[in-house]
Amino acid sequence: MAQFMIRFLISSLFISVMTLLLLAARRLCGRCLTSRMRYRLWFLFLGLLAVPLLPAGSVNIRHMFSWIGQQPDTSDSGQLQTFRPAPHQTDTLARMNDFGTAVSERTPSFIWLALFFLWIAGIVCMTVYTAISALRFYTVKKSALPLQNAAISRLYRDCLSQTRLKKSIPIYSTAFLKSPVIAGVFRPCIYIPIHIISGCDPKDLRYMLLHELQHYRHKDSLAGVFMNLAGILYWFHPFVWYALKEMKNDRETACDSSVLDLLESGSYVDYGNSLIRFAEKVSLSRFPFATGMAGSMTQMQYRILNIAGYRKPSAGRRLLSLTACILTALVLAGFVPLLATESSDQTHYDFDARRHRVISLDLSDVLETSSGSSAPGHTHDPGRSCFVLYDTSSDTWQIYNEEYATMRISPCSTYKIYSALYALEAGIITPEQSLIPWNGQSYPYGQWNADQTLAPAMHNSVTWYFQTLDARAGLPAIREFLEDINYGNMQTGSSVSTYWADGTLAISAVEQVELLRRFYNNEFEFQPEHIETVKDSLRLHTTANGTVYGKTGTGILNGTHHTGWFTGFVEQKDNVWFFALNIQNTTDAAGAVAAELTLDILSDRGICRHMDKRTKI
């Protein structure tokens, strides 16, 4: 919720800048742009307005509204929670201490929640207003009668022939309109007021009919639908409303120009005089989905000036106009990344299963209710649990719950793998000297209240140790590092101490496995001894089957474990298996539980023997 509103409001600021640039481009291009091309520029604007609201790829409404109350702001509250392994866990797993910081549920905050519902309330009000206008026009349509005037019917057929339209648009007369309009996207009809039919010069009526037919020819009714939709969604935005007003002006001017292209130059004055004569008789349409010849007095003045100076565009001017339009479009296209609140779908990783050998697993019996494993009595949401296993020898992925396996969430303490790796690469610590003295602060974990080196700090998940490494590195360097290794969404926010735990930095299970594979093979081209040092700190268990390396991660919300990670790899003589498991619920989704479940799965597949209760790290 908060993320959406923040990004949407930021996008709204860019829309303001974009509107100013578009207006400046129209002014700079001046007479280079034809009336029609000037109008078409606004379609680029409408398209860009949709970007903040339309994520790339398929739109998942469930994920969109899962922000409401399901994506807490896990900001550090400064209090620490002691991790107490469940009684069923083995001694080995109990030693895989995954201490974490307690976090408080503060999102959606009142401000963002209020802004969201204010926005929705405005949309509802605008929709109701539009619906009322549509109902009023429906009443007008029901009272309208097919045109019976034979002379006007002949004039209308001549206009159809002149505009080269093969489809005859039904034409009606009505007593409840002040100006002619054309309405309807799929079944358009022209409506002419009775007072105009009875007292109108045939020449003036011909101009009006030509004008309405040009609206039909250029599908202006359909454009009107999108314009009104933009007005509804951006009801709060003055720049959007100003842009829509200018678009309507340019629409009428473009329509006038299309009519003038059908006339001889000597008839331009007559067409302009027709507008002047009807300026007092017609008014701006009260019906948002209808387009017509009417307009405000300011708009009429603008149109008269355009008619007075109109010259049919030459081929050279049309080409110049098209070039100017393309250049303007390229400039506006630069705003797409800024406007795309979900353009890269930051909540999900784009994993194309068609490009990989993927086997779908069914682990619902293990991950939904773990009573059959060595972790009895733990119930997890199978829809928000996943497991990913990569077999190096066969280049095969085995995935349970692919949708959730590509969903990015906080890495919790699993990020400490890469915090350590960067600290080594940056020279903050070395393989020989990784000692950081204890600052004397009393922590509720005995293991934390001592000087730390990398291996025990990784085993005991000593948060202050890795926070110290990050603080010495600084956020700019960390951001560059995350981009270099392509870590999840690569976001750090502004807090160097909580970005990997507060939901700012996020990564999916698939990405965890891919990153571990690249780490193991040193595709980062880091110092080999640094890779080996981090690997040694992750070593958990060795049997005849191979050696298990891994790191747990636990997300703690309001004193309860709501997210559990276990990610790592099994190193065998002739193969390496990479894995990541994530579980979520509201009570006991701890990292150690995730590790227990992972080892059960690996043991069942003969990849490694389950850790014995007597085994020590």
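Caption draft 1: Summary view of the overall build of the chain. Helix and strand counts for the chain stand at 24 helices and 14 strands. Within the chain, the proportion of its 617 residues that are buried is 54%. Taking the contacts inside the chain whose residues are at least 6 apart along the sequence as the reference set, 71% of them involve residues at least 24 apart. Summed over its atoms, the accessible surface of the chain is roughly 27800 Å², and 57% of this surface lies on carbon and sulfur atoms.

Caption draft 2: Examining the packing of aromatic side chains more closely. Using the criterion set out here, one finds 28 aromatic pairs in the structure. Summarising the aromatic geometry, the rings of F524 and F526 are spaced 5.4 Å apart at their centres and angled 35 degrees between planes, so their arrangement reads as tilted. Residue classification places F524 among the buried residues on the basis of a relative accessible area of 11%. Cluster of aromatic residues (ring-pair linked, three or more members): Y415, Y418, Y487, Y499 and F519. The ring of Y216 carries the charged tip of K219 above its face, separated from the ring centre by 5.2 Å. Across from the ring centre of Y390, 5.9 Å away, lies the NZ or CZ of R517, which sits over that ring.

Caption draft 3: Fine view of the pattern of salt bridges. According to the stated counting rule, one finds eleven salt bridges in the structure shown. Two residues, D270 and K203, come together in a salt bridge whose shortest N-O distance is 3.5 Å. Linking D270 in helix α12 (residues 268–278) with K203 in helix α9 (residues 202–217), this pair joins segments that are 67 residues apart in sequence. Residue classification places D270 among the partly exposed residues on the basis of a relative accessible area of 26%. For K203, a relative accessible area of 40% gives the class partly exposed. When salt bridges with common partners are traced through the structure, they connect R26, E246 and D250 into a single cluster.

Caption draft 4: Quick peek at helix α18 (residues 416–425). Within α18, nine of the ten residues are buried, which leaves the element mostly enclosed by the surrounding structure. At the exit of α18 stands G427, carrying a positive phi of roughly 80 degrees.

Caption draft 5: Representation of the pairing of strand β14 (residues 576–584) in the model. Within β14, nine of the nine residues are buried, which leaves the element mostly enclosed by the surrounding structure. Side chains V576, F578, A580, N582 and Q584 project from β14 onto one buried face, and the interleaved W577, F579, L581 and I583 project onto a second face that is buried too.

Caption draft 6: Local environment of the side chain of E252. When you line up the elements, E252 lands in helix α11 (residues 238–262). Side-chain polar atoms of E252 contact the side chain of H211, separated by 2.9 Å.

Caption draft 7: Region of the structure containing the nonpolar core. Ranked by size, the top nonpolar core spans 62 residues in total, and within it Y415, Y418, Y465, Y487 and F519 carry the most contacts. If one sorts the elements of this core by residue count, α18 sits on top with seven residues.

Caption draft 8: Expanded view of unusual backbone geometry. Of note, the phi angle at R164 is positive, near 60 degrees, even though the residue is not glycine. Position of R164 relative to the elements: it lies in the loop between α7 (150–163) and β4 (171–174). On the basis of relative accessible area, R164 is assigned to the exposed category, the value being 76%. If you check the backbone angles, S461 has positive phi at about 50 degrees while not being a glycine. Considering the arrangement of structural elements, one finds S461 in the loop between α19 (454–459) and α20 (463–473).

Caption draft 9: Inspection of the pairing of strand β9 (residues 386–391) at higher detail. Within β9, six of the six residues are buried, leaving the element largely enclosed by the surrounding structure. Examined bridge by bridge, β9 and strand β10 (residues 396–400) share five bridges and lie antiparallel to one another. Each bridged residue has a counterpart across the sheet, and for D391 the counterpart in β10 is T396. A loop of four residues connects β9 with β10, the two strands running antiparallel in sequence, and D395 in this loop sits at a positive phi of about 50 degrees.

Calculation rules
Here the residue numbers are simple positions, counted from 1 along each chain's written sequence. With pLDDT at 70 or above as the cut-off, local features in this predicted model cover only qualifying residues; side-chain atom pairs require 80 or more to be listed or tallied, and sums for whole chains, interfaces and linings still use all residues. To obtain the side-chain values, all non-hydrogen atoms of the structure were included, while hydrogens and water were left out. Helix and strand assignments come from DSSP, with helices taken as H or I runs of at least 4 residues and strands as E runs of at least 2, each series counted from the N terminus. For each residue, the accessible area found with a 1.4 Å probe, counting protein chains only, is set against the maximum for its type, and the residue is called buried under 20%, exposed over 50%, and partly exposed in between. It only takes one pair of heavy atoms within 4.5 Å for two residues to be counted as in contact. Here the accessible surface of atoms and residues is derived via Shrake-Rupley with a 1.4 Å probe, and residues count as covered only by protein chains that are part of the display. Ring pairs are drawn from Phe, Tyr and Trp, using the six-membered ring of Trp, whenever the two centres fall within 6.5 Å, and their geometry is named by plane angle: stacked under 30 degrees, edge-to-face over 60, tilted for the rest. Any Lys NZ or Arg CZ found within 6 Å of a ring centre and within 35 degrees of that ring's normal is scored as a charge over the ring. A pairing counts as a salt bridge when a side-chain nitrogen of Lys or Arg comes within 4 Å of a carboxyl oxygen of Asp or Glu. Pairing of N or O atoms within 3.5 Å defines a polar contact, subject to two protein rules: one partner must be a possible hydrogen donor and the other a possible acceptor, and residues neighboring in sequence count only if both atoms are side-chain atoms. Side-chain atoms within 4.5 Å are what join buried Ala, Val, Leu, Ile, Met, Phe, Trp, Tyr and Cys residues into a set we call a nonpolar core. Pairing between two strands is assigned when DSSP locates at least 2 bridges connecting them.

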